[in-house]
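# Examining the three-dimensional arrangement
The residues making up each chain are set out below.
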Amino acid sequence: MKKKEIRDLIYVSKSQREANCFYSFGIEFYEFMNGVSNRPENLILLKHDFHNENWNQHSRFDYVMKEEINELIEDDVYRYGDFVWVDFSKEEDLDTLSSNDIAELLFFSHLARPLTRIPKIRFAYHAHDDGWFNKLYVTDLQDYEILLANVIPLKLRKITGRKINDIPKDVASALLEITNEGLFIDLSRAIKSRAELKIPITTIGHFTNMDKVYDFREEVRNYKLWLVYSQKLWKL
């Protein structure tokens, strides 16, 4: 997989209207899959351009299982444009989807509305231009907390070339809480020294227009918090 430059801006807004729903900028699919614990391996592909998918005759949905998941993660998902998927437990689940289940999945694919009846285990993922816009429904909020704990160090390792530990639960919980106000982390403004890394954090409110979010990079000058990594430890 030929990767473009690492997206060094992260924005996460927890929806105030929909339960367990997050909008984000800056988290790409491969980062998501490497950031969550026990990554999902069975995905119904509702919008995609992957070329090694399976096809379920009953539902007429494309899907991948654990045999193909690594290839999907390594693929250039950005070229898909829209990328929409929902995880499921086992292949047999696809053969028992009702007409209403299928309709709801298609409705989610088209309008990114919440799901109730389908076999979603943990995630319903609706993205455009990988890493630019993502709307994600999670079953368990702890999954998103773990994602934040892992994806920030993952990016910093690639940007700095340093060995960096994952963020501990107490700090990740605080970051998750900040998403209620629109968490904005600009890794390009990190202050680096041999002794520590200081990453600026602020809040910008709730947006679904990621062009506007990206423009904040030039507008924001005063940061409310610093995420600090020093002596192999994280703190806010």
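These numbers come from a predicted model, not from an experiment. (Residues numbered from 1 in each chain as written. Predicted model: local features only at pLDDT ≥ 70, side-chain atom pairs only at ≥ 80, totals over all residues. Heavy atoms only, no water.)

## Remarks on the nonpolar core
Here is the rule: Nine residue types can take part in a nonpolar core, namely buried Ala, Val, Leu, Ile, Met, Phe, Trp, Tyr and Cys, and a core is a set of them joined through side-chain atoms within 4.5 Å. When accessible area is computed with a 1.4 Å probe and restricted to protein chains, residues below 20% of their type maximum are described as buried, those above 50% as exposed, and intermediate ones as partly exposed. Runs of E in the DSSP output that reach at least two residues are strands. Runs of H or I that reach at least four are helices, and both are numbered from the N terminus. In what follows, a contact means two residues having at least one pair of non-hydrogen atoms within 4.5 Å.
Counting 49 residues, the largest nonpolar core has Phe-29, Phe-32, Leu-72 and Tyr-144 as its most contacted members. If one sorts the elements of this core by residue count, helix α4 (residues 141-160) sits on top with seven residues. Other than its neighbours up to four places away in sequence, Tyr-144 contacts Val-12, Phe-22, Ser-24, Ile-27, Leu-136, Val-138 and Leu-176.

## Overview of helix α2 (residues 66-74)
At 3.6 residues per turn, the α-helix brings residues three or four places apart onto the same side. Using the following cut-off: Within this analysis, the arc is defined by the directions that extend from the helix axis to the C-beta atoms.
All buried positions along α2 are accounted for by Glu-68, Ile-69, Leu-72 and Ile-73. End-on view of α2: buried residues confined to an arc of 145 degrees, all on one side of the axis. Looking at the buried residues of α2, the elements they touch are α1 (29-35), β3 (43-47), β4 (54-55), β5 (62-64) and β6 (82-87).

## Describing the packing of α4 against helix α5 (residues 169-178)
Between two packed helices, both the angle of their axes relative to each other and the distance between the axes serve to describe the pair. Keep this limit in mind: Between the N-to-C directions of two axes lies an angle of 0 to 180 degrees, each axis being a line fitted to C-alpha atoms and, for a helix, fitted only over the stretch in contact. Angle categories: roughly parallel below 35 degrees, roughly antiparallel above 145, roughly perpendicular from 65 to 115, and oblique for all the rest.
It is at 9 Å that the axes of α4 and α5 come closest, and there the two elements cross at 110 degrees. Between α4 and α5, the angle falls in the class roughly perpendicular. On α5, the residues that touch Leu-141, Gln-142, Tyr-144, Glu-145, Leu-148, Ala-149 and Ile-152 of α4 are Lys-169, Ala-172, Ser-173, Leu-175 and Leu-176.

## What to know about the side chain of Asp-186
The criterion, for reference: N or O atoms closer than or at 3.5 Å make up a polar contact, with two conditions inside protein: a donor-capable atom paired with an acceptor-capable one, and, for residues adjacent in sequence, both atoms drawn from side chains.
Mapped onto the elements of the fold, Asp-186 is located in strand β9 (residues 183-186). For Asp-186, a relative accessible area of 0% translates into the label buried. In terms of polar contacts, Asp-186 uses its side chain to reach the side chain of Ser-188, at 2.5 Å. A distance of 3.0 Å separates a polar atom in the side chain of Asp-186 from a polar atom in the side chain of Arg-217. Setting aside chain neighbours within four positions, we find Asp-186 in contact with Asp-8, Leu-9, Ile-199, Pro-200, Arg-217 and Tyr-223.

## Here we look at the pattern of salt bridges
Two side chains that carry opposite charge are able to pair once their charged atoms sit near each other. As a reminder of what qualifies: The working definition used for a salt bridge is a side-chain nitrogen of Lys or Arg within 4 Å of a carboxyl oxygen of Asp or Glu.
Counted according to the given criterion, the structure contains 13 salt bridges. We note a salt bridge from Asp-82 to Lys-47, for which the minimum N-O separation is 3.9 Å. Placement of the pair is Asp-82 in strand β6 and Lys-47 in strand β3, with a sequence separation of 35 residues. Judged by its relative accessible area of 26%, Lys-47 is partly exposed. In this structure, Asp-93 and Lys-90 form a salt bridge, with 3.1 Å as the shortest nitrogen-oxygen distance. On the accessibility criterion, Lys-90 (44% relative accessible area) is partly exposed. Each of Asp-8, Asp-186, Arg-189 and Arg-217 takes part in a single network of salt bridges with overlapping partners.

## Regarding α5
For α5, the full list of buried residues reads Val-171, Ala-172, Leu-175, Leu-176 and Ile-178. For α5, the angular spread of buried residues about the axis comes to 155 degrees, placing them on one side. Relative to its buried face, α5 has exposed residues pointing more than 90 degrees away, namely Lys-169, Asp-170 and Glu-177.

## A word on the packing of aromatic side chains
We apply this condition: Think of it this way: a Phe, Tyr or Trp ring, Trp meaning its six-membered ring, pairs with another when their centres are within 6.5 Å, and the plane angle makes it stacked under 30 degrees, edge-to-face over 60, tilted otherwise. Here, a charge over a ring means that NZ of Lys or CZ of Arg falls within 6 Å of the ring centre while also lying within 35 degrees of the ring normal.
One pass over the full model with this rule turns up 20 aromatic pairs. Ring plane angle 15 degrees and centroid distance 4.0 Å describe the contact between Phe-22 and Tyr-144, whose orientation is recorded as stacked. On the criterion of sequence distance, the pair formed by Phe-22 in strand β2 (residues 21-25) and Tyr-144 in helix α4 is long-range, its members being 122 residues apart. Taking 6.2 Å as the distance between ring centres and 65 degrees as the angle between the ring planes, the aromatic pair formed by Phe-108 and Tyr-137 counts as edge-to-face. Highlighted residues: Phe-108 in helix α3 (residues 99-111) and Tyr-137 in strand β8 (residues 133-138), separated in sequence by 29 residues. Judged by relative accessible area, which is 0%, Phe-108 ranks as buried. Look at Tyr-137 and you get buried, because its relative accessible area is 5%. Of note, Lys-198 hangs over the ring of Trp-226, and the distance from its end group to the ring centre comes to 5.1 Å. The lysine or arginine in question, Lys-212, covers the ring of Phe-216, its NZ or CZ lying 5.1 Å from the ring centre.

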